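As a plain string of letters, each chain reads:
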Amino acid sequence: MKRKLIAAIGVACMAASIASCGSGSGSGSGKSTSAKSITVWLTVDAQNNWPELVKSADAALKKSHPGVTVKHEYYSWGDKNTKLDAVLATDKAPDVVEMGNTEMLPYSIKGAFAELDTSKFDNSSAWLDGLKGSVSYNGKVYGVPYYAAARVAVWRKDVAAAAGVTSAPKTYSELTADLDKIQSKNGSKFNAWYQPSRDWYTGMSFVADAGGAIATESGGKFTASLSSAASVKGLTEFKSVVTKYMHGDLTKDEADRYIIFGQGKSAMMYGASWEGPAAADPKIDKTGGKLKANLVQFVLPGPSGKAMPVFLGGSDLAVPVKSKAQDLATEWINDFTGTASQKVLISKGNLPNNTTQLATLKSDPATAVTATAAESSWFIPTAPGWGTVEKQAILQDMLQAIATGKKSVQQAAKDADAAINKVINTA
C-alpha cells in the first residue's frame, strides 16, 4: 500500500455537474433497491497487502444479497483523484471510493459524497479523532474511517550490528551517531537512512518537532508559517538528514520507498508501519530473505528530545452522491471496516479506525511501537483550500528545492508560504 495522500479538488464535479452532485441523503435513499452490483474503487494498497479482506467483504455482501456482484477497480494514489474528478461529472460514478483522510474536505464541501448514517457502522462512536474529523463537515458525516497509519522508524539490525550498533537508539543524538557509523561502514553509495526529499509527511514532522507549523489560523483565516524561525529550524534539520544519509535520487517521493528499501541498499527508513513488513515480503525482498528476520521497528526520537510527532494518516471510504446503490455500498463498507476486519488490518501493520481496539495495542509487543508513536501526532491545516495546496505539490517542491540545494532553506520556505497563502483560504 502507499499512503501518498495527494489531494485533488473535484473540478469536474464542482464545475460541470455541481447541481446534480448536491448533498446526498445517504443510505436509506432507496437508490439501491434494484441494484444488482456495486463498483468499489480502492487503492493498490488493498490489492497488494490485504486482498483477503476485500474478498471477505465481498462474500459477506453476497451472502446477504444473493445475486449481487461486486466489481473492483484499483488505483494508485497519484491517479485516483484525477479519474474520480472526471467520472463524477458523469452518471457512472463508483459506489464506494477510498480517499486519503486529507482528501475528504474539498469533496465534502462541494457535495460530491452522500451523507451517511453513522449508526450503521461498527465502532462509529469510538472513531479516532484524526479520522472522524476528516469525514465530517458542518455537523454531517460523509465517509467512514478505514484505517490509520502512524509512522515508525525501521532498520536492519544486521546492518547496524556490522557497524557496531547493537540496539535501536532512544535519543536523536544516539540516532545520528549510529547512522554515522552505518554510513561510514557501508560507503557513500549506501543509504544509512533512505529518506526521499519529497516526503512531506516526514519533512513536516521535523517542522512540528521544532515547534513550527505549515500554517496557523486566526479568526477563521489561515496564514502559512513555514518561514517562521521554528519551522526553518525543523526544515534545516531535515536537510541535514537528507544530505548526510540519503544518497539516492533527490527528486523522488515516498511512493516506492518500501520497494527501494527491499533492494538491500539502505539501513533505515521512516514511514507508515506497514512499509517494513511490505519490504520484507518475498515478492519485494531482494536481499535473499534477510529482511524478515532483521527488521526492527522503533519510535523515532526527534531533535527536540521527545518522540518525533507523526502524521496520523489514514484512509476513509465514501459513497459518491451519484451512486445508484448507496444502501449496498453502505453495507459493503461496514463489512470492510467492521471490528473483525480491523483485526486483519492490524495484523498487516495498520492502526484500527477506533480507540477501543487501539487501546489494546500498546500492551502487545508486536504493536506497541506503532501505538506509542501514534500518541504524538500532527495533522494538516483544516483549511478550505488545503486540497489545492496538496494538488499543487507546494510542500514537495519546497523540500526538493531544499534537498537539492536549488534554494536555501529560508528562500524555499518563504516561496512556499507565498504559494500557500494564495490558495489556502479558498475552497
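Being a predicted model, the structure only gives us computed values, none of them experimental.

**Student:** Could you give me a rundown of the overall build of the protein chain, with the residues and numbers involved?
**Tutor:** Within the protein chain, the secondary structure is distributed over 21 helices and 14 strands. In terms of overall dimensions, the protein chain has C-alpha extents of about 65 × 45 × 35 Å along its principal axes. When each of the 427 residues of the protein chain is scored for burial, the buried share is 56%. Long-range contacts, defined as pairs at least 24 residues apart, comprise 78% of the intrachain contacts of the protein chain with a sequence gap of at least 6. Carbon and sulfur atoms make up 52% of the accessible area of the protein chain, which amounts to about 16,500 Å² in all.

**Student:** Please set out the pairing of strand β1 (residues 37–43) residue by residue, giving values where relevant.
**Tutor:** Burial runs high along β1: 6 of the 7 residues are buried. Of the strand pairs in this sheet, β1 and strand β2 (residues 69–75) are connected by 7 bridges, and their pairing is parallel. Its bridge partner being in β2, Trp41 is matched across the sheet by Glu73. Here β1 runs beside strand β3 (residues 96–100); their pairing, made up of 2 bridges, is parallel. Opposite Val40, over in β3, you have Val96 as the bridge partner.

**Student:** Explain unusual backbone geometry residue by residue, including any values.
**Tutor:** Most of the time, phi is negative for any residue but glycine, and the peptide bond is trans. A positive phi is found at Asn138, a non-glycine position, where the angle reads about 50°. The backbone phi angle of Ala393 is positive, close to 55°, even though this residue is not glycine. Structurally, Ala393 is set in the loop between α19 (386–391) and α20 (394–404).

**Student:** Please provide a residue-by-residue account of the environment of Glu98, values included.
**Tutor:** Note that Glu98 resides in strand β3. By relative accessible area, Glu98 is classed as buried at 0%. A distance of 2.9 Å separates the side chain of Glu98 from the backbone nitrogen of Thr43, its partner in a polar contact.

**Student:** Hey, could you go over the side chain of Thr287 for me, with residue numbers and the actual values?
**Tutor:** Its place among the elements puts Thr287 in the loop between α13 (275–279) and α14 (290–294). Side-chain polar atoms of Thr287 contact the side chain of Asp285, separated by 2.5 Å. A distance of 3.5 Å separates a polar atom in the side chain of Thr287 from the backbone nitrogen of Leu291. Other than its neighbours up to four places away in sequence, Thr287 contacts Arg156, Gly262, Gln263 and Gly264.

**Student:** Can you explain the sheet that holds strand β6 (residues 144–149)? Please cite residues and give values.
**Tutor:** On the basis of which strands lie adjacent, the open sheet formed by 5 strands has the order β2-β1-β3-β13-β6 and mixed pairing. Each edge of the open sheet is held by one strand with a lone partner, namely β2 and β6. Across the sheet, the axes of successive neighbouring strands diverge by a mean angle of 20°, strand direction being ignored. Packing of helix α4 (residues 51–64) onto the sheet brings it into contact with β1 and β2, and relative to β2 it is tilted by some 155°. Sheet strands touched by helix α15 (residues 326–337): β1, β2, β3, β6 and β13 (313–318). Its angle to β1, the strand with the most contacts, is close to 45°.

**Student:** So what about the sheet that holds strand β10 (residues 268–272)? Which residues, and what values?
**Tutor:** Here we have 3 strands laid out as an open sheet, ordered β10-β7-β11, and antiparallel in their pairing. Two strands close off the open sheet at either side, each with one partner strand: β10 and β11 (295–298). Taken over all neighbouring pairs, the strand axes of this sheet differ in orientation by 30° on average, direction set aside.

**Student:** Lay out the nonpolar core in plain terms, naming residues and giving numbers.
**Tutor:** Formed by 70 residues in total, the largest nonpolar core has its most connected members in Trp193, Trp200, Met204 and Met398. Not counting residues up to four positions away in its chain, the partners in contact with Trp193 are Leu175, Leu179, Phe206, Val241, Tyr245, Met246, Met268, Met269, Tyr270 and Leu300. Core analysis: the second largest hydrophobic core is formed by 57 residues, Trp41, Ala93, Val141 and Leu328 among them.

**Student:** Summarise the confidence of the model for the protein chain; cite the residues concerned and give the values.
**Tutor:** Low-confidence regions, as indicated by low pLDDT, have predicted coordinates that should not be scrutinised in detail. In this model, the protein chain carries a mean pLDDT of 90, and residues with pLDDT of at least 70 account for 92%. Low pLDDT, under 50, characterises residues 1–30; the stretch is placed with 113 contacts to residues that sit more than four places away or in other chains.

**Student:** An account of the packing of helix α10 (residues 200–209) against helix α11 (residues 229–245) is needed here, citing residue identities and associated values.
**Tutor:** Packed helix pairs are characterised by how far apart their axes lie and by the angle those axes make with each other. Between α10 and α11, whose axes approach to 7 Å, the crossing angle comes to 130°. The angle between the axes of α10 and α11 places the two elements in the oblique class. Judged by the twist between their axes, the crossing of α10 over α11 is right-handed. Only Ser231, Gly234, Leu235, Glu237, Phe238 and Val241 of α11 make contact with α10, whose side of the interface consists of Thr202, Gly203, Met204, Phe206 and Val207. Per-class residue counts for the contact of α10 with α11 are 6 nonpolar, 4 polar and 1 charged.

**Student:** Can you tell me about the pairing of strand β7 (residues 151–156), naming the residues and giving the values?
**Tutor:** Counting buried positions along β7 yields 6 of 6 residues, so the element is predominantly enclosed. Going residue by residue along β7, you find Arg151, Ala153 and Trp155 tucked away on one face and Val152, Val154 and Arg156 tucked away on the opposite face as well. With 5 bridges connecting them, β7 and β10 associate as antiparallel partners. Bridge pairing in β10 links Val154 to Met269. Summarising the sheet, β7 and β11 pair through 4 bridges and their orientation is antiparallel. Bridge assignment links Arg156 to a residue of β11, and that residue is Leu295.

Cut-off values and rules
- Each chain carries its own residue numbering, running from 1 in the written order of its sequence.
- Note on the predicted model: pLDDT of at least 70 is required for a residue's local features to be given, and 80 or more for side-chain atom pairs to be given and counted; whole-chain, interface and lining totals, by contrast, use all residues.
- Side-chain metrics rest on all non-hydrogen atoms present in the structure, leaving aside hydrogens and water.
- The helix count covers DSSP runs of H or I at least four residues long, the strand count covers runs of E at least two residues long, and both are numbered beginning at the N terminus.
- Buried, partly exposed and exposed residues are distinguished by accessible area as a fraction of the type maximum, computed with a 1.4 Å probe on protein chains only: under 20%, between the cut-offs, and over 50%, respectively.
- Only heavy atoms enter the contact rule, under which two residues are in contact if any of them lie within 4.5 Å.
- Only the protein chains shown count as covering a residue, and every accessible area follows the Shrake-Rupley method with a 1.4 Å probe.
- Whether two strands pair comes down to DSSP finding at least two bridges between them.
- Each polar contact in these results corresponds to two N or O atoms within 3.5 Å; when the atoms are within protein, one needs to be able to donate a hydrogen and the other to accept it, and residues that are neighboring in sequence are counted only if both atoms are side-chain atoms.
- Angles run from 0 to 180 degrees between N-to-C directions of axes, and those axes are lines fitted to C-alpha atoms, restricted for helices to the stretch in contact.
- Side-chain atoms within 4.5 Å link the members of a nonpolar core, which is a set of buried Ala, Val, Leu, Ile, Met, Phe, Trp, Tyr and Cys residues.
- Summary of the metric used: pLDDT quantifies the predictor's per-residue confidence within the range 0 to 100.
- Angle categories are assigned with fixed cut-offs, so that under 35 degrees is roughly parallel, over 145 is roughly antiparallel, 65 to 115 is roughly perpendicular, and the rest are oblique.
- For any pair of crossing helices, the crossing counts as left-handed if the nearer helix is rotated counterclockwise from the farther one by less than a right angle, and right-handed if it is rotated clockwise.
- Polarity classes work like this: nonpolar for Ala, Val, Leu, Ile, Met, Phe, Trp, Tyr, Cys and Pro, charged for Asp, Glu, Lys and Arg, and polar for all others, with Gly in that last group.

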